[in-house]
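Results of the structural survey
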Amino acid sequence: MDITPIRCEADYDAALGMIDSLVGAAQSTPEGDRLEVLVTLVEAYEARRWPVEAPAPVSMIKHAMEARGYRQKDLAAVIGSQPHASEVLRRRRPLTLPMIRALSAEWKLPADMLVREYDLAPSMPSDS
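These lines cover the structure that appears in this document, whether it is placed above or below. Remember, it's a predicted structure, so these values are computed and weren't measured experimentally.

The subject of this paragraph is the pattern of salt bridges. This structure, assessed with the given rule, holds three salt bridges. Where R34 meets D2, a salt bridge forms, and the shortest distance between an N and an O atom there is 3.6 Å. Of this pair, R34 sits in helix 2 (residues 30–49) while D2 is found in the segment before helix 1 (9–22), placing the two residues 32 residues apart along the sequence. For D2, a relative accessible area of 63% gives the class exposed. Of the charged contacts, one joins E87 and R93 as a salt bridge, the two residues approaching to 2.7 Å between their closest N and O atoms. The exposure class of E87 is partly exposed, given its relative accessible area of 24%.

Put into structure tokens, the structure is as follows:
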């Protein structure tokens, strides 16, 4: 097997071409092994070349709400109150540990993603 590392776009394109020619190869055959190694190399190159950042916790919550057809009242039912849900979605209030636990348990959102730090919206000046 004469497979080399993927170091540039030309190597990447060549690897994709080889993968195309090997698609459908049976596992545990020389062609299947070659396909598996090439796919691993391409995935590693793509991860280095085009890293995907994890979404901010509020973005993840909003995406889950949209994907599942949830509304703000559904979030409020999980995290405790309508005002808290509104403030979290507007990034005026950070998620608390009890909120994170509830979202993880009820909506099956990964807690390790919800505990990530994120920026809150700037505070509005008071009219005192």
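Any two aromatic rings considered together are summarised by their centre-to-centre distance and by the angle between their planes. Here the structure, examined in full by the defined rule, presents four aromatic pairs. Ring centres of Y12 and W50 lie 5.5 Å apart, and the angle between their planes is 65°; on these two criteria the pair is classed as edge-to-face. With Y12 in helix 1 and W50 in the loop between helix 2 and helix 3 (57–68), this residue pair connects regions lying 38 residues apart in the sequence.

Turning next to unusual backbone geometry. A positive phi angle, near 60°, is found at S28, a position not held by glycine. The exposure class of S28 is exposed, given its relative accessible area of 71%. One non-glycine residue, R91, adopts positive backbone phi at about 60°. With respect to the helices and strands, R91 occurs in the loop between helix 5 (82–89) and helix 6 (97–107).

Parameters at a glance
Residues numbered from 1 in each chain as written. Predicted model: local features only at pLDDT ≥ 70, side-chain atom pairs only at ≥ 80, totals over all residues. Heavy atoms only, no water. Salt bridge = Lys/Arg side-chain N within 4 Å of Asp/Glu carboxyl O. Helix = DSSP H or I, 4+ residues; strand = E, 2+ residues; numbered from the N terminus. Buried < 20%, exposed > 50% of the residue type's maximum accessible area, 1.4 Å probe, protein only. Phe/Tyr/Trp six-rings, centres within 6.5 Å; stacked < 30°, edge-to-face > 60°.

So, to be careful, I would describe these as geometric facts and stop short of saying anything about function.
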